[in-house]
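A closer look at the structure
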Amino acid sequence: MTLHSFYIFDRHCRCVYSREYTQGSDGGSTNRSNESDTAKLMFGMLYSLKNIASKLGDKEARNNLKSLSTGKFRLHLFETATGLRFVIVSDPAIDNLQSVLWELYSNYYVRNVAQNALSPVDFACDELLANPKFVSETDRFLSSLPVFR
Amino acid sequence: MSKTTRYSGDEMWKNNVEKIQNSELFTLTYGSVVSQLCRDFNNNYQEVNQQLDRMGYNIGMRLIEEFLAKTGAQRCQTFKETAEMISKVGFKIFLNIQPTVTNWTQDGKTFSLVLNENPLADFVELPMGPDNRICRDLWYSQVLCGVLRGALQMVQLDVDVWFVKDVLRGDDQTELRLRLNKFLKDEVPAGED
Amino acid sequence: MSNDNIIYPSVHSFSNLSLSDSSRTGFGYNPYKGPSSNAITPETSNILINKKTVSLTPTSFDSIYDRNILKKVPEISLSSFSFLFCEIVNWTRNNSKGIQDLEQRLNTLGYQIGQRFLELVKTRERIKYSKREIKILEILQFIHGAFWKSIFGKTANELEKSQDIENEYMIIDDIPLVSKFISVPKDYGNLSCSAFTAGIIEGALDSACFPATVTAHSVPKEGLPLRTVFLIKFDESLYTRENLRFN
């Protein structure tokens with residue numbers, strides 16, 4: 001699998017959704033590592049990098065962090081104007097997942113969460129995004145991508 | 001503004017927005033809700049206004065995501081830009097109307113939106129009771145105030161929105177006023193400063 | 001202006017009346033008695049002349065009565081309606097004590113809409129439907145066809161009569177508008193937000209003098225996960241009426 005995991009952080013700096021894709025038959029875990037150190041460290045790092053990026057560029061232009069890579073993985077980030085952060089962790093071979101992240105937001109998130117009466121939008125302290133339709137549709141979308149092998 | 005011409009409200013309405021044939025379903029649904037609220041609160045119109053505002057706030061929090069998804073807009077740099085976005089694009093893609101932005105104050109923090117037509121209140125008249133309370137107290141389209149407040153809150157703008165005039169009350173036009181209180185800072189994760 | 005001077009509608013719905021009812025104010029249509037309940041006689045005309053109807057806000061230069069309701073209806077975006085409906089479901093859910101109560105409240109909201117829509121659709125279709133429907137099958141075909149098309153932009157998919165039970169009919173909609181954007185979480189069981197649409201049908205039927213109860217049930221088929229069946233149960237008295245009139 002060249003896509004390792006998918007996280008969503010809300011505007012209150014909490015991880016509301018985490019999805020891991022593993023090679024085994026169980027297809028990966030959903031929402032099991034929201035409170036983990038990995039999630040917290042990842043968010044802290046992205047937050048600090050965002051601050052640095054805004055200080056490095058000139059004042060007017062928007063300087064958004066798009067991806068971050070190491071030898072073993074690449075992190076792709078997309079932030080909406082409402083403070084939602086979509087993060088995908090993948091192999092370093094994959095170059096640009098901005099359009100995928102945009103699709104996840106504008107299509108799947110908006111349709112299944114924002115437009116869904118019975119699903120919360122502003123998550124309370126211990127609420128997670130566990131909407132089964134959202135999970136199954138995003139899984140299907142991500143696994144249908146050519147980069148997901 | 002060059003940015004708003006990029007997100008032309010009219011074009012988006014024509015091509016990108018899924019429409020339903022009958023706006024009367026929308027109007028009648030809203031009317032049904034208002035009358036149910038009046039019954040629930042026993043004609044205490046202040047309460048009804050507050051409830052409509054709260055409902056609008058919840059709607060606004062969701063509506064903003066759809067707005068951003070459809071227009072791909074980024075956060076506006078100035079309040080004036082925000083006003084343009086709301087009137088030219090926002091109202092157009094959701095209600096198919098285009099209100100005008102007027103009455104800016106000196107400091108650029110308050111402006112008025114004048115609605116020339118209001119699909120929420122199509123064919124509505126407020127009944128005159130013995131003491132005219134409904135005309136004095138009820139803002140029929142109060143939900144719009146809540147929607148604007150909720151949507152702008154999600155993009156870190158703290159605003160107050162209220163009605164100034166309403167055609168249903170016998171005024172000559174429907175006018176909303178928005179005031180920017182402050183820009184909200186993005187939240188910091190625990191442990192950072 | 002005291003309350004005595006105002007004529008209110010005699011009942012909330014025609015289905016609550018019976019042959020022996022007579023109006024408190026001495027004036028009001030009772031479909032079981034027919035036109036004689038509403039006739040202009042010297043006594044009733046006295047009542048009418050001395051009372052007023054509910055008066056509305058003073059008509060200004062551009063009152064709603066000057067507008068033409070027969071011109072083309074403007075469109076509005078689906079998402080506005082869906083957001084409003086989402087919030088209605090949430091607000092109703094907070095106010096109600098259980099699934100049944102929730103469905104009942106949605107039904108009530110839809111009821112008022114159905115009453116008004118019936119009048120509106122009839123007025124607009126004036127040439128094709130210049131006569132009032134008096135047979136059960138006719139009113140059901142009207143609802144399944146012109147009424148549904150006017151509200152939702154398409155006709156309903158099927159109209160069936162139940163095999164086993166006498167008074168039941170079913171209207172089936174493959175993709176109901178209101179359920180398109182709600183996915184029911186598991187702890188809500190078989191809640192159907194189409195209770196709202198069921199209310200619309202019930203309001204329309206009641207106003208057309210066909211008292212019924214309408215409920216919505218979700219019956220998914222392959223390829224159509226949102227398929228909803230609206231079960232229409234007419235009153236017993238209706239069948240007696242049909243038999244008397246047409247047999």
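A few points on the structure. (Residues numbered from 1 in each chain as written. Chains lettered and ligands numbered in written order. Predicted model: local features only at pLDDT ≥ 70, side-chain atom pairs only at ≥ 80, totals over all residues. Heavy atoms only, no water.)

1. Details of the packing of helix α2 (residues 98–114) of chain A against helix α3 (residues 132–143) of chain A
All names here are of chain A. It is the contact of α2 with α3, at a shortest axis distance of 10 Å, that shows an interaxial angle of 155 degrees. The angle between the axes of α2 and α3 places the two elements in the roughly antiparallel class. Handedness of the α2/α3 crossing: right-handed. Contacts between α2 and α3 involve Val100, Glu103, Leu104, Tyr108, Tyr109, Arg111, Asn112 and Val113 on the former and, on the latter, Lys133, Phe134, Glu137, Thr138, Phe141 and Leu142. Along the lines of polarity and charge, the residues of the contact of α2 with α3 split into eight nonpolar, two polar and four charged. (Axes fitted to C-alpha atoms, helices over the stretch in contact; angles between N-to-C directions. Helix = DSSP H or I, 4+ residues; strand = E, 2+ residues; numbered from the N terminus. Parallel < 35°, antiparallel > 145°, perpendicular 65-115°, else oblique. Left-handed = near helix turned anticlockwise from the far one by under 90°. Contact = heavy atoms within 4.5 Å. Nonpolar A, V, L, I, M, F, W, Y, C, P; charged D, E, K, R; others polar.)

2. What to know about the interface of chain B and chain C
Each side of the interface is counted separately: chain B has 43 residues, and chain C has 44 residues. With both chains or domains summed, chain B and chain C bury close to 4200 Å², and 65% of this area falls on carbon and sulfur atoms. A salt bridge links Glu24 of chain B to Arg124 of chain C, with the shortest nitrogen-to-oxygen separation between them at 2.7 Å. Our count for the chain B to chain C interface comes out at seven residue pairs in polar contact (both at pLDDT 80 or more). Where the side of chain B that touches chain C is concerned, the elements lending two or more residues are β1 (19–20), α3 (23–40), α4 (45–71) and α5 (79–95) of chain B. Sort the elements by how many residues they give to the side of chain B that touches chain C and α3 of chain B lands first, with 14 residues. For the side of chain B that touches chain C, a count of residues per class yields 24 nonpolar, ten polar and nine charged. (Buried area = accessible area lost by both parts, 1.4 Å probe. Salt bridge = Lys/Arg side-chain N within 4 Å of Asp/Glu carboxyl O. Polar contact = N/O pair within 3.5 Å; in protein donor to acceptor, adjacent residues only side chain to side chain.)

3. Considerations on the sheet that holds strand β5 (residues 168–173) of chain C
Sheets are built from strands that pair by backbone hydrogen bonding, the pairs being arranged parallel or antiparallel. Residues and elements named next belong to chain C. Pairing within the open sheet is antiparallel, and its four strands lie in the order β4-β5-β7-β6. With partners counted over all chains shown, the strands left at the sheet margins are β4 (158–161) and β6 (212–218), one partner each. Across this sheet, the average inter-strand angle for adjacent strands is 20 degrees, counted without regard to direction. Helix-sheet contacts for helix α4 (residues 136–152) involve β4, β5 and β7 (228–234), and the interaxial angle to β5 is about 10 degrees. (Pairing = 2+ DSSP bridges.)

4. What about unusual backbone geometry?
In most cases, non-glycine residues show a negative phi, while peptide bonds are predominantly trans. Residues other than glycine seldom take positive phi values, yet Cys13 of chain A does so here, at roughly 65 degrees. Its relative accessible area of 15% is what places Cys13 of chain A among the buried residues. (Buried < 20%, exposed > 50% of the residue type's maximum accessible area, 1.4 Å probe, protein only.)

5. Comments concerning the environment of Phe78 of chain A
Residues and elements named next belong to chain A. Tracing the chain through its elements places Phe78 in strand β4 (residues 74–79). Once the C-alpha coordinates of Phe78 and Asn116 are considered, the two residues, 38 residues apart in sequence, prove to be 22 Å apart. Ignoring sequence-local partners within four residues, the contact set of Phe78 consists of Leu84, Arg85, Phe86, Gln98, Leu101, Trp102 and Tyr105.

6. With respect to the sheet that holds strand β3 (residues 67–69) of chain A
All names here are of chain A. Pairing in this open sheet of five strands is antiparallel, and the strands run β2-β1-β5-β4-β3 from one edge to the other. Sheet topology places β2 (15–20) and β3 at the edges, where each strand pairs with a single neighbour. Averaged over all adjacent pairs, the angle separating strand axes in this sheet is 15 degrees, with direction ignored. In terms of strand pairing, strand β1 (residues 3–9) meets β2 through five bridges, oriented antiparallel. Paired with Ser5 across the two strands is Glu20, which belongs to β2. Sheet strands touched by α3: β1, β2 and β5 (85–90). Its angle to β2, the strand with the most contacts, is close to 45 degrees.

The quantities given are spatial measurements derived from coordinates; they are silent on function.
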